Amino acid sequence: MTKKPSVFREFYRKRLVALKRKPQLIAMLVLAAAYVYYSLNLSQIANTTALINGPHMGLAEFSTMLFSALALVSFLNSFPHRKKTNVPMLVITFLMIGILLFCDYYYGSRITVALTREDSPISPTGKNAFVAVAQGVVRVHMILVVIGAALLALLPVYTPLIRKLNTNIEVAENSGMAAIDISGEDA
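Residues numbered from 1 in each chain as written. Predicted model: local features only at pLDDT ≥ 70, side-chain atom pairs only at ≥ 80, totals over all residues. Heavy atoms only, no water.

Asker: How should I be thinking about the overall build of the protein in this particular structure?
Answerer: Secondary structure assignment for the protein yields seven helices and zero strands. From first element to last, N terminus to C terminus, the protein shows the α and β order α-α-α-α-α-α-α. Taking all 187 residues of the protein together, the buried fraction comes to 33%. For the protein, contacts bridging at least 24 residues in sequence account for 76% of all contacts bridging at least 6. Of the roughly 12400 Å² of accessible surface on the protein, a fraction of 65% belongs to carbon and sulfur atoms. (Helix = DSSP H or I, 4+ residues; strand = E, 2+ residues; numbered from the N terminus. Buried < 20%, exposed > 50% of the residue type's maximum accessible area, 1.4 Å probe, protein only. Contact = heavy atoms within 4.5 Å. Areas by Shrake-Rupley, 256 points an atom, 1.4 Å probe, with all protein chains shown as cover.)

This is the structure:
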């Protein structure tokens, strides 16, 4: 008789097998989470850009959205199905991640300048509370992008560790079998 695994255990095992085949999914999910997080808070970012109206803030906001999407596309093209890693696309992915980090840093510094300037500083409270939210969103986005880049860079380190995980199913009826006679002689 076969031992029937539980539904959750089988679901977990299947996800682990998929992860063993494509360990780069971890980094991709982190970068996708950063993109989704920034996209869902884009209205706070846009309101902050409209209020502060610093030099090139709109361009930094646009570039962050553009390069977030393009970094995901180039990431997917870096690891084609059943082929070796496409190194030029991987380099482009890291380049886009670098541009993302620069744009986030620049946008965050523009917010800091607007909050700490001598003449008429912006107060991030009351009706301008979205400025503090946007500053937090930019920081969290930077952290997520750095984590995704680190996971991508450390892929050769943790891939062998993931592949060592045991995902075999134990079948009870095969354990008691005797040696199979394949000699072809009828007895």
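Asker: Is there a simple way to explain the nonpolar core in this structure?
Answerer: Grouped burial of nonpolar side chains is what soluble globular proteins tend to show. Grouped together as the largest cluster of nonpolar side chains are 19 residues, with contacts concentrated most on F75, F79 and L152. Sequence-distant contacts of F79, that is, excluding residues within four places in its chain, are made with Q24, T85, L90, L152 and L155. Membership of the second largest hydrophobic core comes to 17 residues, among which are Y38, A60, Y107 and I122. (Core = buried A, V, L, I, M, F, W, Y, C linked by side-chain atoms within 4.5 Å.)

Asker: How should empty space enclosed by the protein be read in this particular structure?
Answerer: To find leftover empty space, one rolls a probe the size of a water molecule over the atoms. Counted by the stated rule, this structure contains one cavity of 30 Å³ or more. Reported here for the largest cavity is a volume of approximately 60 Å³. Lining the largest cavity, in full, are L31, A34, Y35, S68, A71, L72, L100, H141 and V145. Elements with a contribution of two residues or more to the lining of the largest cavity: α2 (25-40), α4 (57-78) and α6 (129-153). (1 Å grid on protein atoms, 1.4 Å probe; cavity = no way out; pocket = protein on both sides within 12 Å on 5 of 7 lines; lining within 4 Å. Points joined across faces, edges and corners; volume = space filled by probe spheres on them.)

Asker: Which parts of the structure should I look at to understand the environment of I162?
Answerer: By the secondary structure assignment, I162 is in helix α7 (residues 155-163). Taking the relative accessible area as the measure of exposure, I162 reaches 12% and is therefore buried. Each C-alpha atom of the pair I162 and K20 lies 6.0 Å from the other, and the pair is 142 residues apart in sequence.

Asker: Which parts of the structure should I look at to understand α6?
Answerer: For α6, with 25 residues, the first-to-last C-alpha span of 37 Å sits near the 36 Å given by 1.5 Å per residue. Listed in full, the buried residues belonging to α6 are F130, V131, A134, Q135, V137, V138, H141, V145, G148, A149 and L152. Looking at the buried positions of α6, the neighbouring elements they touch are α2, α3 (42-52), α4, α5 (87-116) and α7. (Expected span 1.5 Å × (residues − 1).)

Asker: What should I look at first to understand the packing of α3 against α5 in this one?
Answerer: Describing two packed helices takes the angle between their axes plus the distance from one axis to the other. In contact at an axis separation of 11 Å, α3 and α5 are set at 50° when each is read in the N-to-C sense. In terms of orientation, α3 lies oblique with respect to α5. In this structure, the crossing between α3 and α5 has a hand that is left-handed. Across the interface between the two elements, I45, T48, T49 and I52 of α3 pack against Y107, R110, I111 and A114 of α5. (Axes fitted to C-alpha atoms, helices over the stretch in contact; angles between N-to-C directions. Parallel < 35°, antiparallel > 145°, perpendicular 65-115°, else oblique. Left-handed = near helix turned anticlockwise from the far one by under 90°.)

Asker: Even after reading the chapter, I still don't get the pattern of salt bridges, so can you show me in this structure?
Answerer: Side chains that carry opposite charge are capable of pairing whenever their charged atoms lie near each other. By the definition in use, this model includes one salt bridge. Among the salt bridges present, the one from R13 reaches E10, with a minimum N-O distance of 2.8 Å. Taken together, the residues R13 and E10, both in helix α1 (residues 7-21) and three residues apart, mark about one turn of the helix. Overall, the relative accessible area of 18% leaves E10 in the buried class. (Salt bridge = Lys/Arg side-chain N within 4 Å of Asp/Glu carboxyl O.)

Asker: Hey, could you run me through a nonpolar patch on the surface in this one?
Answerer: Together, L59, F62, L66 and L70 make up an exposed nonpolar region whose accessible area comes to about 370 Å². Among the secondary structure elements, L70 is positioned in helix α4. Judged by its relative accessible area of 34%, L70 falls in the partly exposed class. (Patch = residues over 30% accessible without salt bridge, like charges linked within 9 Å, V, L, I, M, F, W, Y side chains within 5 Å.)

Asker: What exactly am I supposed to notice about the side chain of D104 here?
Answerer: With respect to the helices and strands, D104 occurs in helix α5. Buried and unpaired, D104 has R139 as its nearest opposite-charge partner, separated by 11 Å. Dropping the residues within four chain positions of it, D104 is found in contact with Y38, T64, V138, H141 and M142. (Lys, Arg positive; Asp, Glu negative; His and termini not counted.)

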